[in-house]
Amino acid sequence: MATIANTQAIVRYNAVARALHATIAALVVFNLVSGIGGEAIENFWNPYPLHKGTGMVILVLSLARIGWRFTWTTPEWPTTMGRLQRLTAKGTHATLYVLMLVLPVTGWIMSSANSKYPISIWGLFEWPKLAVAKGSALAEVSHEGHEVLGFLMAGLVVLHIVAALHHHFIIKDNILRRMF
Ligand code: HEM
Ligand code: HEM
């Protein structure tokens, strides 16, 4: 039986967009898991130094990705996607872009204020800290924000992955294949 996937030519995202998406996705998943599960495994291995360095790398890559994003337009969605589906996809993607910046920045602010340990980029060099006082409103809001928005991001990433798999295995269109 012909499926949507094999009756339409695939127009893929460009190679840089795909490479940045895959790299950032892997790093974000690591940071969500290490952030949420970190305390449970802290006695065996403390993931936070790696969590912090990886978070700063995500910030730099996300800025590059968003800059690159302004230079091209996305391939058309299949006509089988309705208005609500398009709105949900657009909203999720836009929120993910915002969280890819806000999570690292709130983490950077709270770690600058609260931690005596350096922010090391994978043992290669030290990331500078911001001049934020411990106990200040900015440090407190960043800490709260990092936690609440971290859980929001985890939920959106699960939704996003489930949607991608739904497109691939149930609807059988090209959405997943054009991003990998
Ligand atoms: C996209 C990047 C990041 C994601 C998705 C992320 C996600 C998370 C999540 C979900 C938590 C658990 C929240 C909680 O239960 O309190 C967490 C905790 C934490 N994150 Fe991040 N994070 C990111 C970047 C950073 C950065 C850049 C730093 C610091 C430079 C950082 C420092 C921390 C610290 C110190 C904790 C523990 C907080 C506590 O004990 O209350 N994170 N992160
Ligand atoms: C690891 C599992 C993941 C899969 C299977 C996946 C799959 C996809 C697919 C198929 C698209 C293209 C959607 C379309 O053309 O409408 C996409 C876009 C996107 N993904 Fe993911 N993704 C994953 C993880 C992530 C993570 C962790 C993030 C968060 C940082 C993320 C952020 C985005 C963004 C922002 C877009 C929109 C790209 C654009 O059109 O500008 N993805 N993803």
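Residues numbered from 1 in each chain as written. Chains lettered and ligands numbered in written order. Predicted model: local features only at pLDDT ≥ 70, side-chain atom pairs only at ≥ 80, totals over all residues. Heavy atoms only, no water.

### Points about the coordination of the iron atom of ligand 2
Note on the iron atom of ligand 2: its protein donors are His21 (NE2) and His160 (NE2). The metal-donor distances range over 2.0 Å. Of note is the iron atom of ligand 2, whose six donor atoms meet at the metal with angles of 86 to 179° in an arrangement that counts as octahedral. A residue pair is termed long-range when its members are at least 10 positions apart, and His21 in helix α2 (residues 15-41) and His160 in helix α5 (residues 137-171) qualify at 139 residues. Residue His21 is classed as buried on the basis of its relative accessible area of 12%. (Donors = N, O, S within 2.8 Å, 3.2 Å for Na, K, Ca; no water. Tetrahedral: all angles 85-135°; square planar, octahedral: opposite > 155°, others 65-115°. Helix = DSSP H or I, 4+ residues; strand = E, 2+ residues; numbered from the N terminus. Buried < 20%, exposed > 50% of the residue type's maximum accessible area, 1.4 Å probe, protein only.)

### Brief notes about the packing of helix α4 (residues 83-114) against α5
Here α4 crosses α5 at 145°, and the two axes come no closer than 8 Å. As α4 runs across α5, the sense of the crossing is left-handed. Looking at the contact of α4 with α5 residue by residue, the classes come out as 17 nonpolar, 13 polar and no charged. (Axes fitted to C-alpha atoms, helices over the stretch in contact; angles between N-to-C directions. Left-handed = near helix turned anticlockwise from the far one by under 90°. Nonpolar A, V, L, I, M, F, W, Y, C, P; charged D, E, K, R; others polar.)

### A look at the site of ligand 1
In the region of ligand 1, 24 residues are neighbours, and Gly35, His51, Gly107, His143 and His146 sit closest. At 2.7 Å from an oxygen atom of ligand 1 is found a side-chain nitrogen or oxygen belonging to His143. For ligand 1, a nitrogen atom lies 2.8 Å from a polar atom in the side chain of His146. Those elements giving two or more residues to the shell around ligand 1 turn out to be α2, α3 (48-69), α4 and α5. The residue inventory of the shell around ligand 1, partitioned by class, reads twelve nonpolar, nine polar and three charged. (Near = heavy atom within 4 Å. Polar contact = N/O pair within 3.5 Å; in protein donor to acceptor, adjacent residues only side chain to side chain.)

### What to know about the site of ligand 2
Of all residues adjacent to ligand 2, which total 21 residues, the nearest are His21, Arg69, Trp77, Tyr97 and His160. Contacts to ligand 2 include His160, whose side-chain N or O atom sits 2.7 Å from a nitrogen atom. Secondary-structure elements contributing two or more residues to the shell around ligand 2 are α2, α3, α4 and α5. Classifying every residue of the shell around ligand 2 gives 14 nonpolar, four polar and three charged.

### Things to note about the packing of aromatic side chains
In the structure shown here, the tally under the stated rule is two aromatic pairs. Aromatic side chains Tyr13 and Trp72 sit 5.8 Å apart centroid to centroid with 90° between the ring planes, which places their arrangement in the edge-to-face category. Of this pair, Tyr13 sits in the loop between α1 (4-7) and α2 while Trp72 sits in the loop between α3 and α4, and the two are 59 residues apart along the sequence. Trp72 carries the same exposure label as Tyr13, and that label is buried. Here the aromatic rings of Trp108 and Trp127 are separated by 5.6 Å at their centres, their planes lie at 70°, and the arrangement is edge-to-face. Note that Trp108 is positioned in helix α4 and Trp127 in strand β2 (residues 125-127), a separation of 19 residues in sequence. Each of the two residues, Trp108 as well as Trp127, counts as buried. Here Arg69 stacks its cationic end above the ring of Trp72, 4.7 Å away from the centre of that ring. (Phe/Tyr/Trp six-rings, centres within 6.5 Å; stacked < 30°, edge-to-face > 60°. Lys NZ or Arg CZ within 6 Å of the ring centre and 35° of its normal.)

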